[in-house]
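Coordinate inspection notes
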Amino acid sequence: MEDEDCPDLVPIDAGGEGETESSRGRKIPVTIITGYLGAGKTTLLNYILTEQHDKRIAVILNEFGEGSALEKSLAISQGGELYEEWLELRNGCLCCSVKDSGVKAIENLMQRRGKFDYILLETTGLADPGAVASMFWVDSELGSDIYLDGIVSVVDAKHGLQHLTEEKPEGLVNEASRQVALADLIIINKTDLVSEEELNKVRTYVRSINGLGKILETQRSRVDLSNVLDLHAFDSLSGISLQKKLEHLKTAHAHLDKGIITVTFEVPGNIKEENLNLFIQDLLWEKNMKDKTGHTMDIIRLKGLVSIQGKSHQVIVQGVHELYDLEETAVPWAEGEKRTNRLVLIGRNLDKEAIKEVFIATVMV
């Protein structure tokens, strides 16, 4: 970005004169933007902060990159504490930089309600987005003002495969793979720097890790923002689109023995809610399930639609690491419709048949 593209900054008041009763009562969606170093995450955020797109977005930058145009406009406080000052850019967006998890910045930001409709939160290159995502589930105070809309992962088409296949010491998860595994949207960036054959290899590998996320391919991180915002990946509204995805989803095969893969299975019938809780807790909390070689199954992301006894609507199951949630969707079971349970698990050392067997033994009515 050139010097002249540096955003114009205007002072803003903490009160937020644009605030109305409805904007004060409405929950604000938060999207987590993650990506390995050099993938184009900062370029994406700079694009959002400088383009005219008629959307009011508050962007929480984890740290400003060296020499970025924004850095020339902003000073970060000494000692790396939160930079409390929110700056309003000429395209209507707000911007601030933090060196913590971003929760303090969001709390600080909520004093300016009415000035923005979306929050984008950047994580560091090596961060586990699941840990950041889970904060919004467990922090009830934050949860009353905001909701987690989705996780976006930016992958570099040129070097992405190298990062995704890099072997880590025993017991450690490849960070780039984990970011892809947790994502609801995967942006494969810099597609102009590779051949169609190389791009296809990256695409295939990404899909083998995460069979559920949507894939977008871009150059210079330029995306239509309607594809990044309003994902509704963690609420009951995602039930309808999830239903369509689950019908076509196939279990992937790991490229590496220790690789992260997606497995999916379907079991017809009704299940008891308390038994489903036992199954999920055994899988996520107790980690009692092992594959054929004796390795513990490590679940990074869990998603599914189930038929719970006594409920007229489909129930969506969501899990990130040890946290999970069940929520009734707006999708009713039709009269005479064959009720079924579909689960998708993304993680390491996953044995589809073993998981399905335990599921049937634990939850079926």
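In case you missed it, the structure is sitting above this.
The text that follows walks through the structure, step by step, so that each part is easy to find. Keep in mind that what you see is a predicted model, and the values were worked out from it rather than measured.

Time to look at the pairing of strand S13 (residues 323-332). Of the strand pairs in this sheet, strand S12 (residues 313-320) and S13 are connected by seven bridges, and their pairing is antiparallel. Across the sheet, residue Val315 finds its bridge partner in S13, namely Glu328. From the end of S12 to the start of S13, which pair antiparallel, there are two residues, and His321 there has a positive phi angle of about 55°.

This paragraph deals with the packing of helix H10 (residues 273-286) against helix H11 (residues 352-363). Each pair of packed helices can be summarised by the angle the axes make with each other and by the distance between the axes. Their axes nearest at 9 Å, the elements H10 and H11 cross at an angle of 145°. For the pair H10 and H11, the crossing hand works out as right-handed. Taken together, the residues of H11 that come into contact with H10 (itself represented by Asn275, Leu276, Leu278 and Phe279) are Ile355, Val358, Phe359, Thr362 and Val363. For the contact of H10 with H11, a count of residues per class yields seven nonpolar, two polar and no charged.

In this structure, Phe116, Ile119, Phe136 and Ile146 are the most contacted members of the largest nonpolar core, which totals 43 residues. Among the elements that make up this core, the one with the highest residue count is helix H8 (residues 196-209) (five residues). If we ignore the near neighbours within four places in the chain, the residues touching Ile146 are Lys27, Ile28, Val30, Ile106, Met110, Ile119 and Phe136.

Take the packing of aromatic side chains next. Tallied over the full model, the rule gives three aromatic pairs. Considering the side-chain rings of Phe265 and Phe359, the 5.4 Å spacing of their centres and the 65° angle between planes classify their relative orientation as edge-to-face. With Phe265 in strand S10 (residues 260-268) and Phe359 in helix H11, this pair connects stretches of sequence that are 94 residues apart. Looking at Phe265, the relative accessible area reads 4%, which means it is buried.

Before going further, it helps to spend a moment on the pattern of salt bridges. In this structure the tally under the stated criterion is 19 salt bridges. In this structure, Asp156 engages Lys190 in a salt bridge whose closest nitrogen and oxygen atoms are separated by 3.9 Å. Of this pair, Asp156 sits in strand S7 (residues 146-156) while Lys190 sits in the loop between strand S8 (185-189) and H8, placing them 34 residues apart in sequence. Owing to a relative accessible area of 6%, Asp156 belongs among the buried residues under this scheme.

Turning to the sheet that holds strand S11 (residues 298-306), a few remarks are in order. Across the sheet, five strands lie side by side as S10-S14-S11-S12-S13; this open sheet has antiparallel pairing. On the outer flanks of this sheet lie S10 and S13, each paired with one strand and no other. Strand-to-strand twist in this sheet, taken as the mean axis angle between neighbours without regard to direction, amounts to 15°. Where S11 lies against strand S14 (residues 340-348), seven bridges are found, and the strand directions are antiparallel. Across the sheet, the residue bridging to Ile299 is Gly347, located in S14. In this fold helix H7 (residues 175-182) packs onto S10, S11, S12 and S14, with an angle of close to 10° to the strand it touches most, S11. Against the sheet, H10 engages S11, S12, S13 and S14, with an angle of about 140° to S13.

Calculation criteria
- Residues numbered from 1 in each chain as written.
- Predicted model: local features only at pLDDT ≥ 70, side-chain atom pairs only at ≥ 80, totals over all residues.
- Heavy atoms only, no water.
- Pairing = 2+ DSSP bridges.
- Helix = DSSP H or I, 4+ residues; strand = E, 2+ residues; numbered from the N terminus.
- Axes fitted to C-alpha atoms, helices over the stretch in contact; angles between N-to-C directions.
- Left-handed = near helix turned anticlockwise from the far one by under 90°.
- Contact = heavy atoms within 4.5 Å.
- Nonpolar A, V, L, I, M, F, W, Y, C, P; charged D, E, K, R; others polar.
- Core = buried A, V, L, I, M, F, W, Y, C linked by side-chain atoms within 4.5 Å.
- Buried < 20%, exposed > 50% of the residue type's maximum accessible area, 1.4 Å probe, protein only.
- Phe/Tyr/Trp six-rings, centres within 6.5 Å; stacked < 30°, edge-to-face > 60°.
- Salt bridge = Lys/Arg side-chain N within 4 Å of Asp/Glu carboxyl O.

Structural measurements only, silent on function.
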